[in-house]
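Each chain is listed here by its residues.
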Amino acid sequence: MMIVDMIKFAEQMNVPPIDAQIFRAAMKKVATPVTILATGNGDVRHGMTASAVCSLSDQPPMILACVNRNSAILPHLRVNGCFSANFLAEGQAALAQCFAGMTKIYGSDRFNHGAWTALSTGAPVLADALSVFDCRLECEYDSPTHAVLVGRVEAIAKEGTTRALVYAGGQFGFPAPI
């Protein structure tokens, strides 16, 4: 069942709508990993900070990423057919802010910050990210506000010596050691 079909099904059940502010306030309490999604073709690169990125399966290895339909990266990601999901480590909050549009740095100039390289697909990957998943765009699903992207993982790089950068309560932070 497609996401839009599920939403229509829920609407037919006469479930009262959830207030958007209440939903956002509740979701802010949930810590999510901070990820930079990146795609590129040569020197023309695009990236954005995302928090809706997670594993989908390990056989085959796939990840899921949600991107706002109005995002500048989405058409380029579709054309390139590949992207990287760069999960950030503690100490990389400034980079997350840069790619989230919280600075006056835009477009390919964002890639002047951090050490960027490439793996299998040619998408830009952050060399010192906690974990990097280099993906081919497998498929895309539509929701009313976001494109739900499924990426087939072609290469992985992991730094692994620091803690993950997370986003919760409207702030960047990192979880306590386990």
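In this text the structure is predicted, and so the values were computed from the model without any measurement.

What counts, and at which threshold
Residues numbered from 1 in each chain as written. Predicted model: local features only at pLDDT ≥ 70, side-chain atom pairs only at ≥ 80, totals over all residues. Heavy atoms only, no water. Helix = DSSP H or I, 4+ residues; strand = E, 2+ residues; numbered from the N terminus. Rg over C-alpha atoms; globule rule 2.2 N^0.38 Å. Buried < 20%, exposed > 50% of the residue type's maximum accessible area, 1.4 Å probe, protein only. Contact = heavy atoms within 4.5 Å. Lys, Arg positive; Asp, Glu negative; His and termini not counted. Charge placed at Lys NZ, Arg CZ, Asp CG, Glu CD. Patch = residues over 30% accessible without salt bridge, like charges linked within 9 Å, V, L, I, M, F, W, Y side chains within 5 Å. Areas by Shrake-Rupley, 256 points an atom, 1.4 Å probe, with all protein chains shown as cover. Salt bridge = Lys/Arg side-chain N within 4 Å of Asp/Glu carboxyl O. Pairing = 2+ DSSP bridges.

Concerning the overall build of the protein chain
When helices and strands are tallied, the protein chain shows 4 helices and 12 strands. Rg of the C-alpha trace for the protein chain: 17 Å, near the compact-globule value of 16 Å for 178 residues, within the 12% margin. By principal-axis analysis of the C-alpha atoms, the protein chain measures approximately 50 × 35 × 35 Å. Burial analysis of the protein chain (178 residues in total) assigns 34% to the buried set. The long-range share in the protein chain, meaning contacts at least 24 apart out of those at least 6 apart in sequence, stands at 62%. In the protein chain, 13 positive and 14 negative side-chain charges are present, and the distance between their average locations comes to 6 Å.

Overview of a nonpolar patch on the surface
A grouping of I18, I22, F23, M27 and V30 is seen on the molecular surface, where their side chains present a nonpolar patch of about 530 Å² in accessible area. Of note, I18 is situated in the loop between α1 (3–12) and α2 (20–28).

Points about the pairing of strand β2 (residues 35–41)
Extensive coverage of β2 is indicated by the burial of 6 of its 7 residues. Relative to strand β3 (residues 44–50), β2 is paired through 7 bridges, and the arrangement is antiparallel. Across the sheet, the residue bridging to L37 is M48, located in β3. Where β2 folds back on β3, the antiparallel hairpin that results is connected by 2 residues, among which G42 adopts a positive phi of roughly 70 degrees. In the sheet, β2 pairs with strand β6 (residues 82–87) via 4 bridges, with the strands oriented antiparallel. Its bridge partner lying in β6, T35 is registered against F87.

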